[in-house]
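Overview (structure and organization)
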Amino acid sequence: MKAEKPPASPQCTDCQLWKYGAVSCARFNLRYALNEMLKELPFFCRTAEGKIVCPHKEAKK
């Protein structure tokens, strides 16, 4: 049984895919976390994206 931990992105809190540990969601969470870190580092902040949108939520629109 894997330990429950909150997702890196608040977009993932109500997503069923994240709850089951989907590989694509793990990649999105890592990308989101790295982007948030880049926003805080003055030298790298210009490489951060303004807002990252989950590809699964984007597809539903």
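Residues numbered from 1 in each chain as written. Predicted model: local features only at pLDDT ≥ 70, side-chain atom pairs only at ≥ 80, totals over all residues. Heavy atoms only, no water.

Quick notes on the confidence of the model for the chain
To keep it simple, the criterion reads: The predictor attaches a confidence to each residue, called pLDDT, with possible values from 0 through 100. By definition, any uninterrupted DSSP run of H or I lasting at least four residues is a helix, any uninterrupted run of E lasting at least two residues is a strand, and each is numbered from the N terminus.
Model confidence for the chain is summarised by a mean pLDDT of 80, while 85% of its residues fall at 70 or above. Taken element by element, the predicted model of the chain shows its lowest mean pLDDT in helix α3 (residues 55–60) (67) and its highest in helix α2 (residues 23–40) (88).

Re the packing of aromatic side chains
Test applied: When two rings of Phe, Tyr or Trp (its six-membered ring) have centres within 6.5 Å they constitute a pair, described as stacked for plane angles under 30 degrees, edge-to-face for angles over 60, and tilted for the intermediate range. The cut-offs for exposure are 20% and 50% of the maximum accessible area for each residue type, with area from a 1.4 Å probe on protein chains only; residues under the lower value are buried, those over the upper are exposed, and the others partly exposed. Both a distance and an angle decide whether a charge sits over a ring: NZ of Lys or CZ of Arg must be within 6 Å of the ring centre and within 35 degrees of the ring normal.
Tallying each qualifying case throughout the model produces two aromatic pairs. Both rings, one in Phe 28 and one in Tyr 32, keep their centres 6.2 Å apart while their planes meet at 45°; by these two values the pair is tilted. Within this pair, Phe 28 and its partner Tyr 32 are both found in helix α2, separated by four residues, close to a single helical turn. The buried category is assigned to Tyr 32, whose relative accessible area is 14%. For the pair Phe 43 and Phe 44, a centre-to-centre distance of 5.1 Å together with 85° between the ring planes defines the contact as edge-to-face. The exposure class of Phe 44 is partly exposed, given its relative accessible area of 39%. The ring of Phe 43 has Arg 46 sitting right over it, with the charged end atom 5.3 Å from the ring centre.

Here we look at the environment of Asn 29
Here is the rule: Any two residues whose heavy atoms approach within 4.5 Å at even a single point are treated as in contact.
As for its position among the elements, Asn 29 is in helix α2. Sequence separation between Asn 29 and Ser 9 is 20 residues, and the spatial gap between their C-alpha atoms is 6.1 Å. Those residues in contact with Asn 29 that lie beyond four places of it in its chain are Pro 7, Ala 8, Ser 9, Cys 12 and Trp 18.

A word on the side chain of Ser 9
Where we set the bar: Polar contacts, as used here, are pairs of N or O atoms within 3.5 Å; protein pairs need one atom able to donate a hydrogen and one able to accept it. Residues neighboring in sequence count only if both atoms are side-chain atoms.
Inspection of the secondary structure puts Ser 9 in the segment before α1 (16–19). On the basis of relative accessible area, Ser 9 is assigned to the buried category, the value being 0%. Here Gln 11 takes part through its backbone nitrogen, which lies 3.1 Å from a polar atom of the side chain of Ser 9. Those residues in contact with Ser 9 that sit more than four places away from it in its chain are Phe 28, Asn 29 and Tyr 32.

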